[in-house]
Amino acid sequence: MSDEITAASGNANLLKFARYGVMGTVLLVFVLAAMGLPQLSQGDLGHGHTAMLGLVVAVLSAVLIFASGTEDSALKGMGGGLAFAWLLQYGLAEMGVLGNWVAWVHAPLAIAIAMHGMAMLRRFPSDA
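Each value, and the rule that gives it
Residues numbered from 1 in each chain as written. Predicted model: local features only at pLDDT ≥ 70, side-chain atom pairs only at ≥ 80, totals over all residues. Heavy atoms only, no water. Phe/Tyr/Trp six-rings, centres within 6.5 Å; stacked < 30°, edge-to-face > 60°. Helix = DSSP H or I, 4+ residues; strand = E, 2+ residues; numbered from the N terminus. Buried < 20%, exposed > 50% of the residue type's maximum accessible area, 1.4 Å probe, protein only. Lys NZ or Arg CZ within 6 Å of the ring centre and 35° of its normal. Salt bridge = Lys/Arg side-chain N within 4 Å of Asp/Glu carboxyl O.

### Details of the packing of aromatic side chains
Piece 1. Counted according to the given criterion, the structure contains one aromatic pair.
Piece 2. Where Phe17 meets Tyr20, the ring centres are 6.4 Å apart and the plane angle is 70°; that geometry is what we call edge-to-face. Pair noted here: Phe17 and Tyr20 are both in helix H1 (residues 2–42), with a separation of three residues, about one helical turn.
Piece 3. For Phe17, a relative accessible area of 48% translates into the label partly exposed.
Piece 4. Here the guanidinium or amino end of Lys16 rests over the ring plane of Phe17, the centre of that ring lying 5.6 Å away.

Next comes the structure, spelled out in structure tokens:
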């Protein structure tokens, strides 16, 4: 009986940390937007390094969701989708040297990532 309780609390703890990671990725999108606009006139103000941090947090959140052993397949899919979207966003930013057309995809994708993260927060169980 105690093993079942321990396993359940471990799963809840992993989901709790995954929720905090998703909250962090949503906040990082807004921080990146604030850092990206002055970048057009003043140069890089840490936008790239903060994007790397966001990518790592998104991937770790997805790993924690899968490691928790949750049965919610939608949450697993959304976690993988969030990590993939950050990876795609980071790849587009690295392609920025190819031209200004990347900004036309980069900015709407950032908005979609923030909205996806907010929708994802509703999928977490209330006890996590």
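Read on for the rest.
### Section: the pattern of salt bridges
Piece 1. Following the criterion strictly, the structure yields one salt bridge and no others.
Piece 2. The closest approach of N and O atoms between Arg123 and Asp72, which form a salt bridge, is 2.7 Å. Of this pair, Arg123 sits in the segment after helix H4 (103–121) while Asp72 sits in the loop between helix H2 (47–67) and helix H3 (73–94), and the two are 51 residues apart along the sequence.

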